[in-house]
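Coordinate inspection notes
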Amino acid sequence: WDNADFSRGVGTTFYQEFSTLNTAKPPFVRDVEAKVRRYMRSSYSAAWTLKITWEKAPVFAAWTDTRKTITYQAVLTTDGFRSYILMLYQDGGMQWDYTRLTSTNVLIGYT
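Residues numbered from 1 in each chain as written. Predicted model: local features only at pLDDT ≥ 70, side-chain atom pairs only at ≥ 80, totals over all residues. Heavy atoms only, no water.

Some remarks on the pattern of salt bridges
We apply this condition: Any carboxyl oxygen of Asp or Glu that lies within 4 Å of a side-chain nitrogen of Lys or Arg is treated as forming a salt bridge with it. Elements are defined by DSSP. Helices are runs of H or I of four residues or more, strands are runs of E of two residues or more, and each kind is numbered from the N terminus. Exposure classes here rest on a 1.4 Å probe applied to the protein chains alone. A residue is buried below 20% of its type maximum, exposed above 50%, and partly exposed in between.
Taken as a whole and judged by the stated rule, the model has 4 salt bridges. Between R37 and E33 there is a salt bridge, with its nearest N and O atoms 3.8 Å apart. Remark: E33 and R37 occur in helix α1 (residues 27-40); sequence separation between them is 4 residues, near one turn of the helix. The class for R37 is partly exposed, based on a relative accessible area of 36%. According to the relative accessible area criterion, E33 is buried, its value standing at 4%. Taking the shortest distance from any N to any O, the salt bridge between R82 and D79 comes out at 2.9 Å. The partly exposed category is assigned to R82, whose relative accessible area is 32%.

Encoded structure:
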């Protein structure tokens with residue numbers, strides 16, 4: 001496991017909230033619903049969704065190299081009863097040099 005380090009002013013973190021309980025659902029939320037339905041093989045209709053994006057995040061410690069970055073998202077969604085998280089990574093976006101990490105058992109995701 002490794003951490004992003006924004007202390008050198010490289011990279012951005014932003015979020016977007018979608019409250020869709022009684023409103024029309026934007027394409028992004030409909031796509032999230034389709035993914036949950038497909039992966040979980042169940043019906044699902046989102047009441048609330050939060051998209052968090054880490055764009056061009058450098059690895060900790062940023063003073064070593066800010067050119068190698070990663071872009072990824074966490075999408076939290078709930079229907080009010082069940083909640084899910086999608087971890088999305090940009091294709092080819094893992095630029096961190098995992099061979100220089102102190103630990104060799106690299107994991108993308110969460111525990």
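Past the structure itself, the notes keep going.
With respect to the nonpolar core
Rules: Each nonpolar core is a collection of buried residues, namely Ala, Val, Leu, Ile, Met, Phe, Trp, Tyr and Cys, held together in the definition by side-chain atoms within 4.5 Å. In what follows, residue pairs with any heavy atoms lying within 4.5 Å of each other are defined as contacts.
Residues F18, F28, V29, V32, V36, Y44, A46, V75, Y84 and L86 constitute the largest nonpolar core, which totals 10 residues. Listed by contribution, the elements that provide at least two residues to this core are α1 and β4 (83-89). Among the elements that line this core, the one with the most residues is α1, at 4 residues. The contact partners of V36, leaving out residues within four places of it in the chain, are R41, Y44, T77 and Y84. In terms of nonpolar packing, the next biggest core, distinct from the first, is built from 9 residues, L50, V59, A74 and W96 among them.

Describing the environment of T49
Selection rule: Any pair of N or O atoms that falls within 3.5 Å is considered a polar contact. Within protein, one atom must be able to donate a hydrogen and the other to accept it, and sequence-neighbouring residues count only if both atoms are side-chain atoms.
Positionally, T49 belongs in strand β2 (residues 48-58). Through-space distance from the C-alpha of T49 to that of F28 is 9.5 Å; in sequence the pair is 21 residues apart. For T49, the contacting residues outside a window of four places in its chain are Q16, E17, F18, F28, V29, V75, L76 and T77. Polar side-chain contacts of T49 include one of 3.0 Å to the side chain of T77.

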